Amino acid sequence: MVVEELLRDAYEARYGIVPSGLTLFDLALWDSRQLVRQKIKNRFPALTPILSKFDKDYHREPDPNLDLPVVFLRSGYISGASSFKGLGQVLEGYGINNHQYDYLDLLWNIANRFTAKAVEEVEKRGKKICAVGHSKGALVILASYQLRPDLFDKIVTLTPPFYGSEKGRHFSKVGSLYRLRPESEEIIRLSGSPLPEDAPILNLYTNTDEFIAPYQNSILPEQNNITNIVFPGLPHNAFLRDPIVHQMVKLFFEGTRFDYQYLDKLTDRLDSYDSFR
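The structure reproduced in this document is the subject of the present report. If you're wondering where the values come from, they're calculated on a predicted model, not measured in any experiment.

1. Comments concerning helix H5 (residues 107-125)
Since there are 3.6 residues in each turn of an α-helix, residues three or four apart along the chain are aligned in direction. Between the first and last C-alpha of H5 there are 27 Å, a value that for 19 residues agrees with the 27 Å anticipated at 1.5 Å per step. Those residues of H5 not exposed but buried are Leu107, Trp108, Ile110, Ala111, Phe114, Thr115, Ala118, Val119, Glu121 and Val122. Buried residues along H5 sit in contact with strand S1 (70-74), strand S3 (129-134), helix H6 (136-147), strand S4 (152-158) and helix H8 (185-191). Note on H5: the residue one or two positions beyond its end, glycine 126, has a positive phi of about 70 degrees.

Structure below.
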């Protein structure tokens, strides 16, 4: 018990999130191993049938009695697929596509693989997908959306470094993080291309982001299909577990329109966020 508490304290201090013991277990035992397998499969595709037998995912078929889509969940750097289990439980009845992906790879390589999976899902069910992405996972979804906007019904992005992060400069020896610099080719290609207006996008970000600097780089362009909402003081990775975030995602998928009147009420609530978080 003491060791587990120390691990939780260390994890919270480093990543800004307090996982359940099961989530921490999954991250260490399953997600990290699956990341290694994903790297091998991407480099040696012929080994995919063998390595896939050992994969663990959190997929779920949609409730056959409800006309609900499949939601693709993609986590951010290091956090792992298990970090989205809580949101998956809140989205009761929806199909879930959530597995550990190779976040160390080039953004557009990941986006192409994501798009292929989305195409397969849409062709299988004849229904567009919804998607939720956190941090780099959000970039993957937005890049895929630029490639094939016709595949998406609704999108939620959580603290996406859409315009990169100045903190990426500190990781010159870690290519996948160094490529998050604002001037990197990956970021320029993404943020320099228009986001289609086919699907509504809800973007949630924080004004005290410890990983994205300046935090304004996580605000998506102002256009008719995009709603940006700030969560004051919420740590970057806490978006993965925050109950208000989870409920907003569900409401958004159910068709709630976050117009100015709704946002005014929400702002009053968020002003006293620390008192009820």
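2. Topic: the packing of aromatic side chains
Evaluation of the coordinates by the stated rule reveals ten aromatic pairs. Seen from their ring centres, phenylalanine 72 and phenylalanine 114 are 5.3 Å apart, and the 65 degrees between their planes marks the pair as edge-to-face. Taken together, the residues span a long stretch of sequence, with phenylalanine 72 in strand S1 and phenylalanine 114 in helix H5 at a distance of 42 residues. Per residue, the accessibility class of phenylalanine 72 equals that of phenylalanine 114, and both read buried. Measuring from ring centre to ring centre gives 5.7 Å for phenylalanine 231 and phenylalanine 239, while their planes differ by 65 degrees; the resulting arrangement is edge-to-face. Grouped by ring-pair contacts, the aromatic residues Phe72, Phe114, Tyr145 and Phe152 constitute a single cluster. The ring of tyrosine 178 has arginine 181 sitting right over it, with the charged end atom 3.9 Å from the ring centre. We note arginine 189 situated over the ring of tryptophan 108; from NZ or CZ to the ring centre the distance is 3.7 Å.

3. A word on the pattern of salt bridges
Enumeration over the complete set of coordinates arrives at eleven salt bridges. A salt bridge links lysine 127 to aspartate 67, with the shortest nitrogen-to-oxygen separation between them at 2.8 Å. Of this pair, lysine 127 sits in the loop between H5 and S3 while aspartate 67 is found in the loop between helix H3 (48-51) and S1, placing the two residues 60 residues apart along the sequence. Since its relative accessible area comes to 28%, lysine 127 is described here as partly exposed. For arginine 181, the salt bridge is made with glutamate 183, and the minimal N-O distance between the two is 3.2 Å. When salt bridges that share partners are traced, they join Glu61, Glu121, Lys124 and Arg125 into one network.

How each quantity is defined
Residues numbered from 1 in each chain as written. Predicted model: local features only at pLDDT ≥ 70, side-chain atom pairs only at ≥ 80, totals over all residues. Heavy atoms only, no water. Helix = DSSP H or I, 4+ residues; strand = E, 2+ residues; numbered from the N terminus. Expected span 1.5 Å × (residues − 1). Buried < 20%, exposed > 50% of the residue type's maximum accessible area, 1.4 Å probe, protein only. Contact = heavy atoms within 4.5 Å. Phe/Tyr/Trp six-rings, centres within 6.5 Å; stacked < 30°, edge-to-face > 60°. Lys NZ or Arg CZ within 6 Å of the ring centre and 35° of its normal. Salt bridge = Lys/Arg side-chain N within 4 Å of Asp/Glu carboxyl O.

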